[in-house]
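In case you want the letters, here they are:
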Amino acid sequence: GAGVVALPARYPNAVAVSATNNLDLRAAFSNFGNEIELAAPGETIRSTRVQYVCENGSNNGSVCLTNVNCTGGGTCTGRVSTYAWDSGTSFASPCVAGLAALVKSFVPALTGAEIRTVLTSSADDLGAAGRDTSFGFGRVNAYRALLKVFILSSDPKDGSLDARQPSEPRNT
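Below, the structure is looked at part by part. (Residues numbered from 1 in each chain as written. Predicted model: local features only at pLDDT ≥ 70, side-chain atom pairs only at ≥ 80, totals over all residues. Heavy atoms only, no water.)

## Here's the deal with the overall build of the protein chain
Using the following cut-off: Only DSSP runs of H or I with at least four residues qualify as helices, and only runs of E with at least two residues qualify as strands; both kinds are numbered from the N terminus onward. Relative accessible area decides the class of each residue, using a 1.4 Å probe on protein chains only: under 20% of the type maximum gives buried, over 50% gives exposed, and in between gives partly exposed. Every residue pair with non-hydrogen atoms within 4.5 Å of one another is taken to be in contact. A 1.4 Å probe and the Shrake-Rupley method give the accessible areas. Residues count as covered only by the protein chains that appear here.
The helix and strand inventory of the protein chain stands at three helices and five strands. Each helix and strand of the protein chain, placed in order from N terminus to C terminus, yields the pattern β-β-β-β-β-α-α-α. The proportion of buried residues among the 172 residues of the protein chain is 33%. Within the protein chain, contacts between residues separated by at least 24 positions form 52% of all contacts whose residues are at least 6 apart in sequence. A total accessible area of about 9800 Å² is found for the protein chain, and carbon and sulfur atoms account for 55% of it.

## Quick word on helix 1 (residues 89–106)
The condition that has to hold: To estimate how far a helix should reach, multiply one less than its number of residues by 1.5 Å. Regarding the arc, it is the one traced by the directions from the helix axis to the C-beta atoms.
A rise of 1.5 Å per residue sets the reference length of helix 1, with its 18 residues, at 26 Å; its end C-alpha atoms lie 26 Å apart and thus fit the reference within 8%. Three or more residues of helix 1 are buried, namely A92, V96, L99 and V103. The buried residues of helix 1 all sit within an arc of 60 degrees when viewed along its axis, so they share a single face. Looking at helix 1, the residues exposed on the side facing more than 90 degrees away from the buried face are S90 and S105.

## Side note on the nonpolar core
Where we set the bar: Throughout, nonpolar core names a set of buried Ala, Val, Leu, Ile, Met, Phe, Trp, Tyr and Cys residues whose side chains join them through atoms within 4.5 Å.
Counting residues in each nonpolar core, the largest one holds 18 residues, and the members touching the most others are V96, V103 and L119. Elements with a contribution of two residues or more to this core: strand 1 (16–20), strand 2 (36–41), helix 1, helix 2 (112–122) and helix 3 (142–154). At four residues, the largest contribution of residues to this core is made by helix 1.

## A look at the pattern of salt bridges
Definition in use: One speaks of a salt bridge when a side-chain nitrogen belonging to Lys or Arg is within 4 Å of a carboxyl oxygen belonging to Asp or Glu.
Under the defined criterion, the tally for this structure stands at four salt bridges. Ionic pairing is found between R139 and D124, a salt bridge with its closest N-O pair at 3.1 Å. Of this pair, R139 sits in the loop between helix 2 and helix 3 while D124 sits in the loop between helix 2 and helix 3, placing them 15 residues apart in sequence. A salt bridge links R144 to D124; its shortest N-O distance comes to 3.5 Å. Of this pair, R144 sits in helix 3 while D124 sits in the loop between helix 2 and helix 3, placing them 20 residues apart in sequence. Through salt bridges with shared partners, one network takes in D24, D124, R139 and R144.

## Side note on the pairing of strand 1
As a reminder of what qualifies: Pairing between strands requires that DSSP locate at least two bridges from one strand to the other.
Burial of strand 1 is extensive: five of the five residues sit out of reach of the surface. Here strand 1 shows a buried face lined by A16, S18 and T20 and a second buried face lined by V17 and A19. Where strand 1 lies against strand 2, five bridges are found, and the strand directions are parallel. The residue of strand 2 that forms the bridge with T20 is P41.

## Notes on the environment of N21
The condition that has to hold: Identification of polar contacts relies on pairs of N or O atoms within 3.5 Å, with a donor-acceptor requirement for protein atoms, meaning one able to donate a hydrogen and the other able to accept it, and with residues adjacent in sequence counted only if both atoms are side-chain atoms.
Among the secondary structure elements, N21 is positioned in the loop between strand 1 and strand 2. Classification of N21 as buried rests on a relative accessible area of 15%. Spatially, the C-alpha atom of N21 lies 7.5 Å from that of T44, the residues being 23 residues apart in sequence. With residues near it in sequence (within four places) discarded, N21 still touches A27 and E43. Of note is the side chain of N21, whose polar atom sits 2.8 Å from the backbone nitrogen of L23.

## Comments concerning the environment of Y83
Mapped onto the elements, Y83 comes out in strand 5 (residues 75–86). Along the sequence, Y83 and V50 sit 33 residues apart, while their C-alpha atoms lie 8.3 Å from each other. Excluding anything up to four places from it in sequence, Y83 contacts R46, S47 and T48.

As structure tokens, this is what we get:
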């Protein structure tokens, strides 16, 4: 990855996401920089994939990378739906978006800024202490985010974002 976060992740209202591997390290391909806010798994992710199969060429039956032409002639016309392992921030970013949607579903009145606060304050800090250029505030933690939202949905009465940690007792 490069030390430059590209658009659209660099826009102020976007959440820039880096990808982690199975060791909770920044994936080698992942971008990094001051704009990174959160990290999420993005390496060796099992996902659906449509693959194209070579027909009428020397590589007949082999899998094509695109739906254009096969190496050695032939055309990639046969479509096969399958599962495959893949990597990229394109897999990490939907983890963050999905968690944001789950948080919003718990407390629909939350603003985008409040959802951002829930996600960043509940992330598992990785790398240098605090926010850093590789992981931002850390790797998203759905369990901790939902605990925060549970506290928020239960208390306080004015609907403001509750900054307490999930393990801290509520004032009654």
